[in-house]
Amino acid sequence: AYKQEKGRSFLDMLSHPEDVAECTMQPIRRYPVDAAILFSDILVIAEALNVEVTMPGGVGILVPNPLSGPDDMNKRIPPPEEMTSEFVKDKLGHVITSVKLIRSQMAAEGKSIPLIGFS
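Here we summarise the structure given alongside this text.

The rules behind the values
- Residues numbered from 1 in each chain as written.
- Predicted model: local features only at pLDDT ≥ 70, side-chain atom pairs only at ≥ 80, totals over all residues.
- Heavy atoms only, no water.
- Salt bridge = Lys/Arg side-chain N within 4 Å of Asp/Glu carboxyl O.
- Helix = DSSP H or I, 4+ residues; strand = E, 2+ residues; numbered from the N terminus.
- Buried < 20%, exposed > 50% of the residue type's maximum accessible area, 1.4 Å probe, protein only.
- Core = buried A, V, L, I, M, F, W, Y, C linked by side-chain atoms within 4.5 Å.
- Contact = heavy atoms within 4.5 Å.
- 1 Å grid on protein atoms, 1.4 Å probe; cavity = no way out; pocket = protein on both sides within 12 Å on 5 of 7 lines; lining within 4 Å.
- Points joined across faces, edges and corners; volume = space filled by probe spheres on them.
- Nonpolar A, V, L, I, M, F, W, Y, C, P; charged D, E, K, R; others polar.
- Expected span 1.5 Å × (residues − 1).
- Bend = angle between axes of the 7 residues up to and from the residue.
- Polar contact = N/O pair within 3.5 Å; in protein donor to acceptor, adjacent residues only side chain to side chain.

## A few points about the pattern of salt bridges
Here's step 1: The final tally for this structure, using the stated rule, is 4 salt bridges.
Here's step 2: A salt bridge links D19 to R8; the nearest nitrogen and oxygen atoms lie 2.3 Å apart. Taken as a pair, D19 in helix α3 (residues 17–30) and R8 in the loop between α1 (2–6) and α2 (10–13) lie far apart in primary sequence, 11 residues in all.
Here's step 3: Look at D19 and you get buried, because its relative accessible area is 7%.
Here's step 4: Linking R76 and D72 is a salt bridge whose minimum nitrogen-to-oxygen distance equals 2.9 Å. In this pair, R76 and D72 both sit in helix α5 (residues 70–76), 4 residues apart, roughly one turn of the helix. Each member of the pair, R76 as well as D72, is classed as buried.
Here's step 5: If you follow the salt bridges from partner to partner, you end up with E22, R29 and E109 in one network.

## A word on the nonpolar core
Here's step 1: In this structure, L14, V20, I28, I102 and M106 are the most contacted members of the largest nonpolar core, which totals 18 residues.
Here's step 2: Those elements giving two or more residues to this core turn out to be α2, α3, α4 (43–48) and α6 (85–108).
Here's step 3: Residue contacts for V20: discarding those within four places in its chain leaves M13, L14, L38, F39, S98 and I102.

## Things to note about empty space enclosed by the protein
Here's step 1: On inspection of all chains with the given rule, the structure shows 1 cavity of 30 Å³ or more.
Here's step 2: Approximately 30 Å³ is the volume found for the largest cavity.
Here's step 3: In this structure, the largest cavity is lined by L14, V20, L38, F39, S40, H94, V95 and S98.
Here's step 4: Take the lining of the largest cavity: its biggest share by element is 3 residues, from α6.
Here's step 5: A breakdown of the residues in the lining of the largest cavity according to their chemical character gives 5 nonpolar, 3 polar and no charged.

## Describing α6
Here's step 1: Taking 1.5 Å per residue as the helical rise, α6 with its 24 residues ought to reach 34 Å, whereas the 29 Å between its terminal C-alpha atoms falls clearly short.
Here's step 2: Maximum bend of α6: about 80°, positioned at L92.
Here's step 3: Among the residues of α6, those classed as buried are F87, L92, G93, H94, V95, S98, I102 and M106.
Here's step 4: Phi turns positive, to about 70°, at G110, one or two residues after α6.

## Focus on the environment of D72
Here's step 1: Judged by relative accessible area, D72 falls into the buried class, the value being 14%.
Here's step 2: Sequence separation of D72 and P56 is 16 residues, and the distance between their C-alpha atoms is 25 Å.
Here's step 3: Here D72 is in contact with P66 and L67, once residues within four sequence places are set aside.
Here's step 4: A polar atom in the side chain of D72 sits 2.9 Å from the side chain of R76.

## Thoughts on the environment of V20
Here's step 1: For V20, the location among the structural elements is in helix α3.
Here's step 2: Residue classification places V20 among the buried positions, given a relative accessible area of 2%.
Here's step 3: Taking the C-alpha atoms as reference points, V20 and F39, 19 residues apart in sequence, are found 5.7 Å from one another.

This is the structure in structure tokens:
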């Protein structure tokens, strides 16, 4: 339903903080849970590191151009010294914005539970 309504795939949705916040908030509105879980996916990190990931539906996760070896990795993935806070902000800023939006929404709705994610 979401894909038809918004015209976005799962991975596209993860770059829209308002959608991530809503998906994170829904379970804590419905159930007496101990924590909210950030609705995201570890694949956003792969994408931030220039590894294309797709989820076309019905077949799972696809990596059209996987890393072929150390030389390919060195060409495609930025070296650690380039992974500055600005790099993170540029490539994963939507995750940070999502977290801020979720925390704000939780406060507005009187939800005083931890927000957890994964790495």
